[in-house]
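Chain by chain, the residues run as shown.
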Amino acid sequence: MDISVIVPLYNEAESLPELEAWIRQVMSENNFSYEIIFINDGSTDNSWQVIRSLQKNNPAVKGVCFRRNYGKSPALNTGFARAQGDVVITMDADLQDSPDEIPELYRMITEDGYDLVSGWKQKRYDPLSKTIPTKLFNATARKVSGIKNLHDFNCGLKAYRKKVVKHIEVYGDMHRYIPYLAKLAGFNKIGEKVVHHQARKYGSTKFGLDRFVNGYLDLATLWFTGKFGVKPMHFFGLLGSLMFILGFFAVIVVGAMKLYNMYSGNTYHLVTESPYFYLSLTTMLLGTQLFLTGFIGELVVRNSYRRNDYEIEEELNLKND
Ligand code: UDP
Ligand code: MG
């Protein structure tokens, strides 16, 4: 099969028939063999009935229905697990992404050799309250992830080589950083294609402004787990040691100043009367805590089934028994 189109959806009943017809038309014009996997993320409208009826007329339509709403990432992950096409395309259900982009995305994966191609909504039809923070969000994501050529990490329209979706795990709200996840899994050929974007035709957006707060927290998590996931002591140990040493020397300075003043006949106070003494003490305590957190982290890693989980591209002349 050439292409799997994965569509996560939450209360998008009005859009679905139009979307399915459009995808079907593009696929038949280009002679692609394909499947459309709708992931109904616990919709409370009649989205699932609509999908069932679409399936009756088009055997390429497939679907998964969650019992409750989990979020876009769990929906995508479920679709990834079931996808059979050589190229996997994800797209939002709200008709903001255009199926007309599919042939070129397919070509970029199969001919240009990209592992992942992300859409770039260069001209967006969204409110300003969304587009401005998005610019900031993408600049930070570029910096932290080191993927310098992407302008639009969170574009719903993306294409993947099948191998990529079978080797990344999208959970929580991590769909915003799929290119980063792919990079952490060792897929380096990440490209971008300018795509057409439309204003939402039916229904309303499912994400509020909290997306930006959560987005930054998730980016911090990915950065941390990507760098220190199996060696937390390298993070906490360094930070803890530095703080402890800082506090330790500060305490010595506070004590030495008192002794100096005492013996040279100046006025002097008890060290406990100096705020610096308490600051130094606090720094030492925090340093110790951080260091111990490192130990706890190492204990957690020791018990993690992922501590020796590597992305292996190929093996030569080895028996796997
Ligand atoms: N979506 C989902 N589960 C959710 C929230 C959203 O499957 O909990 C789907 C939604 O139906 C749409 C896609 O994710 O197909 C993108 O959502 P939306 O269009 O609301 O996001 P925006 O375009 O505003 O970023
Ligand atoms: Mg949308």
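Structural data are supplied above this passage.
Residues numbered from 1 in each chain as written. Chains lettered and ligands numbered in written order. Predicted model: local features only at pLDDT ≥ 70, side-chain atom pairs only at ≥ 80, totals over all residues. Heavy atoms only, no water.

**Student:** I'm lost on the environment of M284 in this one. Help?
**Tutor:** Looking at where M284 falls in the secondary structure, it is placed in helix α10 (residues 275-302). Classification of M284 as buried rests on a relative accessible area of 17%. Here the alpha-carbon distance between M284 and D152, two residues 132 residues apart in the chain, equals 43 Å. If we skip the residues at most four places from it in the chain, M284 touches M243, F244, G247, F248 and V251. (Helix = DSSP H or I, 4+ residues; strand = E, 2+ residues; numbered from the N terminus. Buried < 20%, exposed > 50% of the residue type's maximum accessible area, 1.4 Å probe, protein only. Contact = heavy atoms within 4.5 Å.)

**Student:** What exactly am I supposed to notice about the site of ligand 1 here?
**Tutor:** Within the structure, ligand 1 sits among 18 residues, and E12, D41, D94, T205 and K206 are positioned closest to it. Measuring from an oxygen atom of ligand 1, one finds a backbone N or O atom of K206 at 2.6 Å. For ligand 1, an oxygen atom lies 3.3 Å from a polar atom in the side chain of R211. Protein chains shield 93% of the accessible area of ligand 1, which is 530 Å² for the free molecule. With respect to the detected pockets, ligand 1 is housed in the second largest pocket. The residue inventory of the shell around ligand 1, partitioned by class, reads five nonpolar, four polar and nine charged. (Near = heavy atom within 4 Å. Polar contact = N/O pair within 3.5 Å; in protein donor to acceptor, adjacent residues only side chain to side chain. Areas by Shrake-Rupley, 256 points an atom, 1.4 Å probe, with all protein chains shown as cover. 1 Å grid on protein atoms, 1.4 Å probe; cavity = no way out; pocket = protein on both sides within 12 Å on 5 of 7 lines; lining within 4 Å. Sits in = over half its atoms within 2 Å of the grid points. Nonpolar A, V, L, I, M, F, W, Y, C, P; charged D, E, K, R; others polar.)

**Student:** Is there a simple way to think about the coordination of the magnesium ion (ligand 2) in this case?
**Tutor:** Any two of four tetrahedral donors ideally make an angle of 109.5 degrees at the metal, while pairs among six octahedral donors ideally make 90 or 180 degrees. For the magnesium ion (ligand 2), the full set of protein donor atoms is D94 (OD) and Q96 (OE1), and the range of their distances to it is 1.9 Å. Neither residue differs from the other here; D94 and Q96 are each classed as buried. (Donors = N, O, S within 2.8 Å, 3.2 Å for Na, K, Ca; no water.)

**Student:** It is not clear to me how the pattern of salt bridges should be interpreted in this structure. Could you clarify?
**Tutor:** Once the charged atoms of two side chains with opposite charge are near each other, the side chains can pair. This model, assessed by the stated rule, comprises 17 salt bridges. Residue K206 is joined to E12 by a salt bridge in which the shortest nitrogen-to-oxygen separation is 3.2 Å. Residue K206 is found in the loop between β7 (190-194) and α8 (210-228), and its partner E12 is found in the loop between β1 (3-9) and α1 (16-29); the two are separated by 194 residues along the sequence. Put simply, K62 and E35 hold a salt bridge, and the shortest N to O gap is 2.6 Å. With K62 in strand β3 (residues 61-65) and E35 in strand β2 (residues 34-40), this residue pair connects regions lying 27 residues apart in the sequence. Take E35: its relative accessible area is 1%, and that puts it in the buried class. (Salt bridge = Lys/Arg side-chain N within 4 Å of Asp/Glu carboxyl O.)

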